[in-house]
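Secondary and tertiary structure notes
One-letter residues, chain by chain:
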Amino acid sequence: MKEIGQGAKLIGFVQVHVGARIFALPVQAVKFDRDRSSIPPGGFFSDEAGQYGILVDGDASPSDVQSQIAAASAEAVRYISARFLN
């Protein structure tokens, strides 16, 4: 998985359905250093080993976390669909 440091906290899993397959993506909350990046925190990721996951901002409100998970899930469906259905 992506190197996310010691502060990562598993908050659950999201199931993504692509074709006949179901992927369980771990959702992890991480503290982002806001001074180091202007990129919005969180999102879907895939590592070299083919593992998938979602990172969300550990300091965000519950509604913001829910929005981050929804956006990352949609991104995951697009990525996995392109990989497995083409």
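This text gives an overview of the structure that appears in the document.

Reading guide: rules and limits
Residues numbered from 1 in each chain as written. Predicted model: local features only at pLDDT ≥ 70, side-chain atom pairs only at ≥ 80, totals over all residues. Heavy atoms only, no water. Pairing = 2+ DSSP bridges. Helix = DSSP H or I, 4+ residues; strand = E, 2+ residues; numbered from the N terminus. Axes fitted to C-alpha atoms, helices over the stretch in contact; angles between N-to-C directions. Contact = heavy atoms within 4.5 Å.

Let's talk about the pairing of strand 3 (residues 43-46)
Bridge count between strand 3 and strand 4 (residues 52-57): 4 bridges; the pairing is antiparallel. From the neighbouring strand, F45 faces strand 4, where its bridge partner is G53.

A closer look at the sheet that holds strand 1 (residues 9-18)
An order of 1-2-4-3 is seen for the 4 strands of this open sheet, with the pairing classed as mixed. The sheet is open, and its two edges are formed by strand 1 and strand 3, each paired on a single side. Across the sheet, the axes of successive neighbouring strands diverge by a mean angle of 30°, strand direction being ignored. The strands that helix 1 (residues 62-84) touches are strand 1, strand 2 (21-30), strand 3 and strand 4; relative to strand 4, the one it contacts most, it runs at about 160°.

The values are spatial; any link to function lies outside them.
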